[in-house]
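# Working through the structure, step by step
Spelled out from the first residue to the last, the chains are:
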Amino acid sequence: VSQQEFLSSAGLRHDELEDPDALVAYDSLIGAWAELIRRFPERPLGMEYGKLVDASALGVVGVNILNAREVRAMVESMMRFQRIADPHFEVNLEHGDEVSVITFDHEDRVQARGESMEMFLTSFIHNTRTCTARAIRPLRVDVAHPRRHPLSVYEEVWGAPVRFAQPQHALRFEPALLATPVLS
């Protein structure tokens, strides 16, 4: 895909990307995902990209995540500051005695593109593994959209059983995970 062709499909112009501190129109991200999914339907783009999204690339949000003392504080930082990076993204934590659940929600256009939500789930798991230097595995991953790729791909990337067409996107962990120290 040529750069110009991709920018055009996302509704962007090259000159809009010249200022590294400028924000691009939110709708351009929706257009970019739509074009990538259209061109590469067989690739698990969300999971591929999610492994590349390092928390340090998230500006002030990433700084807060990386400076958390334990995973609970990391999640709470995401809950508090994530909307700075993405005004439509919401993270919630439900802490139970047997299972803690981290839910991920977004506006309808993003929810409809499962790859985007798979990116958020993958990025969280990947960054939690990186920040704790542990092979953290969810007990289960719930995905709100239908399965798009072989089940083995999801289970390999996320390291857990996966349920599709669920009411929400969620990562289910043992509660002890929340006390896991984050390395500085």
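Next up on the list: the environment of serine 100. Looking at where serine 100 falls in the secondary structure, it is placed in strand 2 (residues 100–105). Remark: the alpha-carbon pair of serine 100 and arginine 39, spanning 61 residues in sequence, is separated by 37 Å. Ignoring any residue separated from it by four or fewer positions in sequence, one finds serine 100 in contact with Leu93, Glu94, His95, Leu171, Arg172, Phe173, Pro175 and Leu178. Polar contacts involving the side chain of serine 100 include one to the side chain of histidine 95, which spans 2.7 Å.

Turning to the packing of helix 7 (residues 114–132) against helix 8 (residues 151–158), a few remarks are in order. Helix-helix packing: each pair is described by the crossing angle between the helix axes and the interaxial distance. Where helix 7 meets helix 8, the axes come as close as 10 Å, and the angle between the chain directions of the two elements is 30°. Counting all contacts with helix 7, which are made through Glu118, Leu121, Thr122, Ile125 and Arg129, the residues of helix 8 involved are Tyr154, Val157 and Trp158. For the contact of helix 7 with helix 8, a count of residues per class yields 5 nonpolar, 1 polar and 2 charged.

Counted by the stated rule, this structure contains 7 aromatic pairs. Judged by centre distance (5.8 Å) and plane angle (65°), the rings of phenylalanine 104 and phenylalanine 124 are edge-to-face. Residue phenylalanine 104 is located in strand 2, and its partner phenylalanine 124 is located in helix 7; the two are separated by 20 residues in the primary sequence. Each member of the pair, phenylalanine 104 as well as phenylalanine 124, is classed as buried. With centroids separated by 5.4 Å and ring planes inclined at 50°, the aromatic side chains of tyrosine 154 and tryptophan 158 adopt a geometry described as tilted. Within this pair, tyrosine 154 and its partner tryptophan 158 are both found in helix 8, separated by 4 residues, close to a single helical turn. Comparing tyrosine 154 with tryptophan 158, the two get one shared label, buried.

Each value, and the rule that gives it
- Residues numbered from 1 in each chain as written.
- Predicted model: local features only at pLDDT ≥ 70, side-chain atom pairs only at ≥ 80, totals over all residues.
- Heavy atoms only, no water.
- Helix = DSSP H or I, 4+ residues; strand = E, 2+ residues; numbered from the N terminus.
- Contact = heavy atoms within 4.5 Å.
- Polar contact = N/O pair within 3.5 Å; in protein donor to acceptor, adjacent residues only side chain to side chain.
- Axes fitted to C-alpha atoms, helices over the stretch in contact; angles between N-to-C directions.
- Nonpolar A, V, L, I, M, F, W, Y, C, P; charged D, E, K, R; others polar.
- Phe/Tyr/Trp six-rings, centres within 6.5 Å; stacked < 30°, edge-to-face > 60°.
- Buried < 20%, exposed > 50% of the residue type's maximum accessible area, 1.4 Å probe, protein only.

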